[in-house]
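Residue-level structure breakdown
If you want the building blocks of each chain, they are given just below.
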Amino acid sequence: MMGSNVKRPSSSDPVRVEHQMDFDAVAAQMRPKPLLARNLAVAYLVGGVICMGGQAINNLLLSLGLDKAAAGGRTAVVLIFIGALLTGLGVYDQLGRFGGAGSAIPITGFANTVVAPAMEFTREGYVLGMAAQLFSVAGPVLVYGLASAVVSAAVRYAAGF
Amino acid sequence: MTQRKAGKRSISFGPGVGITASSTVVGPMEAAGPLGRYFDTVLPDTKYGEKCWEGTESKMLKEACESVMQNAKAQPEDVDIIVTSDLLNQLTSSSYAVREMPINHLGVYSACAGFAEGVIVAGMALVGGFASKAVVAVSSHHDAAERQYRFPTELGVQRPPWAQWTVTGAGAAFLEFPAPDPLVVSRATLGRVVDYGVKDAYDMGAAMAPAAADTIEAHLQDFGLPINHYDLILTGDLGSYGLEVLRELLARRGIVVDTQLEDCGALIYDRNKQDVHSGGSGLGSSATVFNGYVLKQIPQGRWRKVLLVATGALHSPVRVKQSESIPSVAHAIGVEVKES
């Protein structure tokens, strides 16, 4: 049965190469298009509401007599707490599916990227699971965030302002 | 010895491997979909009393195996081979599902094409005289798959409209040879691994459509059948968009689809009401739709000849991060009610 009638598949077969060549165009044509206008509007709305909430917290803290720097830091802490809480209650993933970048970019989204793996990997234990995987999503943000902070601080120092 | 090979890539099961019983277990979301009433067991929630998703999936698979044996009125001791498959690394769900069963076990993997591969492997053993009764059972679980292949389940990610939703479900079939009933698997075509260069881990429909087209074409060629020999051609989990790509790829191969062509993933959810984008995926997609929806309606005469083309994206998260594309495979089994 084996031998001369065994045909090598794929690249040596002209018919298959032909199929392959226009495949990308076929797939791209059929692929459902993201609703760009809807996604932009919803991201703007969700992101805007989160930031308005942040501003309200900030104003409240300022009215309680905190200075600008102290109020800013505490506002971030409150937002991180709310993001973490909503993740724990199983709400933030729904918000993320709806709001996209609008809920991912504010600091509440950052809290979500830390708490989500924490919840997911607790089943493998607190050391090898939760702690080891805690920054599996947020890690790149921390690495490149810290690295760019160092670079921009160095530039600022060198430029003397 | 009887020649069972047909053409280059297919197998003729001669008088046919009997499908004596089937069973399905699905999650609440699948039960809420348009095919809900065709499924046997519905989980109250996606945890099903377990602490982790992996445990839930094994429990579902185990229950599918047990109930298919009950439905076939067979004891585990009567079964010669149990063939199982799932999506998790090391076939985790499979091993933990069958570890208390006194049955010889074969684990197979071809991602979401696992059910058809299992039927082919079991069918060959049965027709070859290596076994007389076999169980084929497979499963997938949305959350277990999501955490292994993509992100933690609580992460707020917006999925693109071509993404699919992994079906939480398990399906099992009880196979016998010689076949006691007229319902048999009579033909099969083995898939080749096909890779058209799709790199987007959300774009499984497009990645798998070429494999489905390749296997359908080979099946028709090997048996010299027109496509309308089958009343229904059912792909595993291309989703609504992958199914359109398949239609176009078949047309380009000169195959005009003049029969009912559907996709399990496109059928299992109500895409307007359920947030699943392009439809369902996972081994549970073809296994629950075939063992529930299809096998329950064949006796009522809705279809007499069905070709299940189970599709699998052989997606490795490691290789995709290394900028590799996603190879795919499709295995086909032809099921029919024998004329008496």
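Model, not experiment: these values are computed from the prediction.

Analysis parameters
- Residues numbered from 1 in each chain as written.
- Chains lettered and ligands numbered in written order.
- Predicted model: local features only at pLDDT ≥ 70, side-chain atom pairs only at ≥ 80, totals over all residues.
- Helix = DSSP H or I, 4+ residues; strand = E, 2+ residues; numbered from the N terminus.
- Buried ≥ 20, exposed ≤ 12 C-beta atoms within 10 Å, placed from the backbone.
- Contact = placed C-beta atoms within 7 Å.
- Rg over C-alpha atoms; globule rule 2.2 N^0.38 Å.
- Expected span 1.5 Å × (residues − 1).
- Arc of directions from axis to C-beta.
- Pairing = 2+ DSSP bridges.
- Axes fitted to C-alpha atoms, helices over the stretch in contact; angles between N-to-C directions.
- Parallel < 35°, antiparallel > 145°, perpendicular 65-115°, else oblique.
- Nonpolar A, V, L, I, M, F, W, Y, C, P; charged D, E, K, R; others polar.
- pLDDT = per-residue confidence, 0-100.

Helix and strand counts for chain A come out as 9 helices and 0 strands. Each helix and strand of chain A, ordered N terminal to C terminal, gives the series α-α-α-α-α-α-α-α-α. Looking at the 161 residues of chain A, the share that counts as buried comes to 22%. Partitioning the intrachain contacts of chain A with sequence separation of at least 6 by distance along the chain shows that 56% fall at a separation of at least 24.

Let us now look at the overall build of chain B. Per the secondary structure count, chain B includes 10 helices and 14 strands. A globule of 340 residues ought to have a C-alpha radius of gyration of about 20 Å, and chain B, at 18 Å, matches this closely. Expressed as lengths along the three principal axes of its C-alpha atoms, the size of chain B is roughly 55 × 50 × 35 Å. Counting the 340 residues in chain B, one finds 58% classified as buried. Contacts in chain B between residues far apart in sequence, at least 24 positions, make up 79% of those at least 6 positions apart.

For the rest of this paragraph, the subject is helix H6 (residues 204-223) of chain B. All names here are of chain B. Compared with the 28 Å implied by 1.5 Å per residue over 20 residues, the 29 Å span of H6 between its first and last C-alpha is a close match. Within H6, 16 of the 20 residues are buried, which leaves it mostly tucked inside the rest of the structure. Phi turns positive one or two residues past the end of H6, at Gly 224, with a value near 60°.

If you look at the interface, chain B gives 27 residues, while chain A gives 29 residues. When residues of the side of chain B that touches chain A are traced back to their parent elements, those giving at least two are H6 and helix H7 (239-252) of chain B.

Another aspect to go through is unusual backbone geometry. Residue and element names in this part refer to chain B. A cis geometry characterises the amide bond from Phe 177 onward to Pro 178, with omega recorded as -5°. Relative to the helices and strands, Pro 178 is located in the loop between strand S8 (169-176) and strand S9 (183-189). One non-glycine residue, Lys 73, adopts positive backbone phi at about 55°.

Residue and element names in this part refer to chain A. The terminal C-alpha atoms of helix H4 (residues 68-88) lie 30 Å apart, and with 21 residues this matches the ideal 30 Å at 1.5 Å per residue to within 8%. Three or more residues of H4 are buried, namely Thr 75, Leu 79, Gly 83, Leu 86 and Thr 87. One side of H4 carries all its buried residues, which in axial view fall inside an arc of 105°. Turned more than 90 degrees off the buried face of H4, the exposed positions are Ala 70, Gly 73, Val 77 and Phe 81. Packed against the buried residues of H4 are helix H3 (36-63), helix H5 (92-99) and helix H7 (107-121). Once H4 finishes, Gly 90 follows within two positions and takes phi at roughly 75°, a positive value.

What follows covers the pairing of strand S6 (residues 133-140) of chain B. All names here are of chain B. Judged by how many residues are buried, S6 sits mostly within the fold: 8 of 8 residues are covered. Across 5 bridges, strand S4 (residues 81-85) lies against S6 in parallel orientation. Residue pairing in the sheet places Ile 81 in a bridge with Ala 134 of S6. Sheet analysis places S6 next to S8, joined by 8 bridges and oriented antiparallel.

What follows deals with the packing of H3(A) against H5(A). Residues and elements named next belong to chain A. The geometry of H3 relative to H5 is characterised by a closest axis approach of 8 Å and an angle of 140° between their N-to-C directions. Put simply, H3 runs oblique to H5. In this structure, H3 uses Val 42, Ala 43 and Val 46 to contact H5, whose residues at the interface are Leu 95, Phe 98 and Gly 99. Considering only residue class, the contact of H3 with H5 consists of 5 nonpolar, 1 polar and no charged.

Here we take up the environment of B:Ala31. Residues and elements named next belong to chain B. Mapped onto the secondary structure, Ala 31 falls in helix H1 (residues 28-31). The sequence separation of Ala 31 and Thr 168 amounts to 137 residues, and the corresponding C-alpha distance is 10.0 Å. The contact partners of Ala 31, leaving out residues within four places of it in the chain, are Val 26, Gly 36, Phe 39 and Val 42.

Another aspect to go through is the confidence of the model for chain A. Counting all residues, the mean pLDDT for chain A is 89, and 87% of those residues have values of 70 or more. Note on residues 1-9 of chain A: pLDDT under 50 across the span, and 1 contact to partners over four residues away in sequence or across chains.

Here we take up the environment of A:Ala43. Residue and element names in this part refer to chain A. Its location among the elements puts Ala 43 in helix H3. Using a count of 19 C-beta atoms within 10 Å as the deciding quantity, one classes Ala 43 as partly exposed. Distance in space between the C-alpha atoms of Ala 43 and Ala 101 is 5.7 Å, their sequence separation being 58 residues. Apart from the residues lying within four places of it in its own chain, the contact partners of Ala 43 are Gly 99, Gly 100, Ala 101 and Gly 102.

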